[in-house]
Amino acid sequence: MFESEYDVIVVGAGHAGSEAAAAAANLGSKTLLVTMNLQNIAQMSCNPAMGGIAKGQILREIDALGGYSGLVSDTSAIQFKMLNKSKGPAMWSPRVQSDRMMFAEHWRLRLEQTPNLDFYQEMVAGLIMDGDRITGVKTSLGLEIRAKSVILTNGTFLNGLIHIGDKNFGGGRAGERAATGITKDLVDLGFESGRMKTGTPPRVDGRSLDYSKMTEQPGDEEPSKFSFLDQTQALKKQRSCYMTYTSPVVHEILKDGFERSPMFNGRIKSIGPRYCPSIEDKINRFADKDRHQLFVEPEGWNTVEVYVNGFSTSLPEDIQFKALRSVSGFEGVKFFRPGYAIEYDYFPPTQLKHTLETKLIDNLYFAGQINGTTGYEEAACQGIMAGINAALKVQEKEEFIIKRNEAYIGVLIDDLITKGTEEPYRMFTSRAEYRTLLRQDNADFRLTERSYRIGLAGEDRMQKMSEKKDKSSNFVEYLRNKSVSHKDSNPVLEANNSALMKQSDKIFKIFSRPNISMKDIRKFPGVEEYIQENNLNTEILEQTEIQIKYSGYIEKEKNNADKLNRLEDVKIPKDFDYSRIKSMSFEAREKLNKIQPTSISQASRISGVSPNDISVLLVYMGR
């Protein structure tokens, strides 16, 4: 049934598995994607949306590398918003509301059109080993499929257990069975495992809601998109979301169900996501608040199904129903299905290398929720990195690692393998110390050329990025050298309450003022003509404005990043024995021996390793 040996087998076809399979296949590796149900490829298990704060930056990075998530998000979007627009550009985060069914369909069609990629529907129940190297997988039917490398992207399916009130049953997602066998094999091989929890809210019938009692949340007037390529277009029409609130009455009804809640009666023992808590957790932890926001999100262009964002719960279904009926606009609500919590196995990610290959077993990679993360975007970026590195290793090429100052993807992976996580990890802009460098607008500048060099990003991406880079740089130089008289500039400055000029000055200098925008600059003689003659689009104009207004901050962060990278270059020998360094703290020796950092810089980021420990290590290594 199968080829004698695949280069890469990807287990699981969620967001991580789909990106992993696409990346490996597009790099020329013969790839097999094995999943329990081919109808559920890239299923949006929770909210019908992509992007958001920091997550939007990750999606643009995936696109810049040549992944599919940005393209699929654009073609299945029903609404676009650029979040945090009132703040600086380092905080701007694109987000789309998605058509759930269209999203999964477009992903599957893209994968089916990807050369070198085969599919098979069945549960993987075990791993085939040759010493400390993986050589394939075993299915529940007893089939053995051989491969040079394997990527596990099992999501919430590993021994998944679904909770609704005092009921629980095995499952990896509503209506789908759990996956068994893999955890036992990994633990037998010496891996440390744990349990995590996540949850999802009820899905309801939009025809039963009264939107006149809610606040409309429309998309941007001038929507943008995720992909840097011209394959996709910005939305011409959009669907609105809506906002409503819980109330003290709703909270009292929910509290009535606490004694039957698996969160409070001890049935759920694992930790849930801190930044996406269940509604019962919110009213318990934030008892001083008498209301919480609920976002009413349509599931697609044509369906009446609605996602109640902010009402994630594992309370009994009768309590969920009664409480929602007390929410303004939900008085006549009809359920499609109740919310639930799910517990599943994960493997602490300190057991991984920067490539996402496991330290214990050669050619075995983990990506997604198996590493303790939460969120489609976090999973997808791990998937593309695992797919890239699995393919490169099979082809005996150099590994592909992204540093913390190069991408949010680099921050996420470094956080996971260096610090680990005991609760579902979610990306935020605050996790990135160089977020002024890691903006959503310049992900292509940061990553496309690197991806092009390994053969993943195509010629079209490279040309598009180069053209954008050249045009924005040339425009910056034009503004740096072009002068404007005080007679032409003062009316614009006066209109913006900015200090007037007494003589001519360079446009670049005027543009650097905080209250002067591109719209104002275009009023100066010659500027609009330059824009039209050079065919500068919105993306290039935005890039130019950021480069000019934030040049000082950007330069400062680059210098700081360069200092950090010098420590990144100080490599630590493999299997270094820290227990020999008696002048280092016991905690530092213990954690360094466990994590085995590859550089001084990584060692310095490990929790419990002090600057003094690093100084001792540098002396010991003979600096």
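Refer to the structure printed above.
A. How the structure looks around the sheet that holds strand β5 (residues 93-98). Across the sheet, which stays open at both edges, the 3 strands sit in the order β3-β5-β4 with antiparallel pairing between neighbours. Since the sheet does not close on itself, it has two edges, and those belong to β3 (49-51) and β4 (77-83), each with one partner. Adjacent strand axes in the sheet meet at a mean angle of 20° when their direction is disregarded. Where β3 meets β5, 3 bridges bridge the pair, whose relative direction is antiparallel. Each residue of the ladder has a partner; that of Ala49, found in β5, is Gln97.

B. Highlighting the environment of Met214. Relative to the helices and strands, Met214 resides in the loop between β13 (203-205) and β14 (215-217). Taking the relative accessible area as the measure of exposure, Met214 reaches 9% and is therefore buried. Counting along the chain gives 116 residues from Met214 to Phe330, while the straight-line C-alpha distance between them is 9.6 Å. Setting aside anything within four residues of it in sequence, one finds Met214 in contact with Leu209, Tyr242, Met243, Thr244, Val296, Ser328, Gly329 and Phe330.

C. Structural view of the environment of Ser261. Here Ser261 shows up in the loop between α6 (248-256) and α7 (279-285). Measuring from C-alpha to C-alpha, the distance between Ser261 and Pro316 comes to 6.9 Å, with 55 residues separating the pair along the chain.

D. Examining the sheet that holds strand β11 (residues 167-170) more closely. Spatially, β11-β10-β19-β12 is the arrangement adopted by the 4 strands of the open sheet, whose pairing is antiparallel. Every other strand in the sheet has two partners, leaving β11 and β12 (194-200) as the edge strands with one partner each. Sheet twist, expressed as the average angle between the axes of neighbouring strands with direction ignored, equals 25°. Relative to β11, strand β10 (residues 161-164) runs antiparallel, the two sharing 4 bridges. Residue pairing in the sheet places Ile162 in a bridge with Phe169 of β11.

E. Focus on the packing of helix α1 (residues 15-26) against helix α9 (residues 376-394). Packing of α1 against α9 leaves a shortest axis separation of 7 Å and a crossing angle of 30°. Judged on the interaxial angle alone, α9 and α1 are roughly parallel. Between α1 and α9 the crossing geometry is right-handed. Contact residues: His15, Ala16, Glu19, Ala20, Ala23 and Ala24 in α1; Tyr376, Ala379, Ala380, Gly383, Ile384, Gly387, Ile388 and Ala391 in α9.

F. The pairing of strand β19 (residues 340-346), seen in detail. Burial analysis of β19 places 7 of its 7 residues in the buried class, which makes it a mostly covered element. Side chains Tyr340, Ile342, Tyr344 and Tyr346 of β19 all project onto a buried face; the interleaved residues Ala341, Glu343 and Asp345 project onto the opposite face, where all are buried too. Two strands pair when backbone bridges link them, and β10 and β19 are joined in this way by 3 bridges, in the antiparallel orientation. Note on β19: the bridge partner recorded for Leu161 is Glu343. In this sheet, β19 lies alongside β12 in antiparallel orientation, the contact comprising 7 bridges. Within β19, the position partnered with Thr198 by the bridge is Ile342.

G. The nonpolar core, seen in detail. Counting 99 residues, the largest nonpolar core has Ile9, Leu152 and Met385 as its most contacted members. The residues touching Leu152, leaving out its near neighbours within four places in the chain, are Val11, Leu127, Ile182, Leu186, Leu364, Tyr365, Phe366, Ala367 and Ile370. Listed in part, the 23 residues of the second largest apolar core include Val476, Tyr478, Met518 and Ile531.

Quick notes on the rules
- Numbering of residues starts from 1 in each chain and follows the order in which that chain's sequence is written.
- In view of the model being predicted, local features appear only for residues whose pLDDT reaches at least 70, and side-chain atom pairs are presented and counted only at 80 or more, with totals across whole chains, interfaces and linings using the full set of residues.
- Side-chain metrics in this entry use all non-hydrogen atoms of the structure; hydrogen atoms and water are not considered.
- Whether two strands pair comes down to DSSP finding at least two bridges between them.
- A run of H or I in DSSP becomes a helix once it reaches four residues, and a run of E becomes a strand once it reaches two; helices and strands are each numbered from the N terminus.
- Lines fitted to C-alpha atoms define the axes here, with helix axes fitted over just the stretch in contact, and angles between the N-to-C directions of these axes take values from 0 to 180 degrees.
- Accessible area is worked out with a 1.4 Å probe on protein chains only. A residue is then buried under 20% of its type maximum, exposed over 50%, and partly exposed in between.
- We call two residues contacting when some pair of their heavy atoms lies within 4.5 Å.
- Geometric relationships in this document are graded by angle, where less than 35 degrees denotes roughly parallel, more than 145 denotes roughly antiparallel, 65 to 115 denotes roughly perpendicular, and other angles denote oblique.
- Less than a right angle of anticlockwise turn of the near helix away from the far helix marks a crossing as left-handed, whereas a clockwise turn marks it as right-handed.
- Residues enter a nonpolar core if they are buried and are Ala, Val, Leu, Ile, Met, Phe, Trp, Tyr or Cys, with the set joined through side-chain atoms within 4.5 Å.

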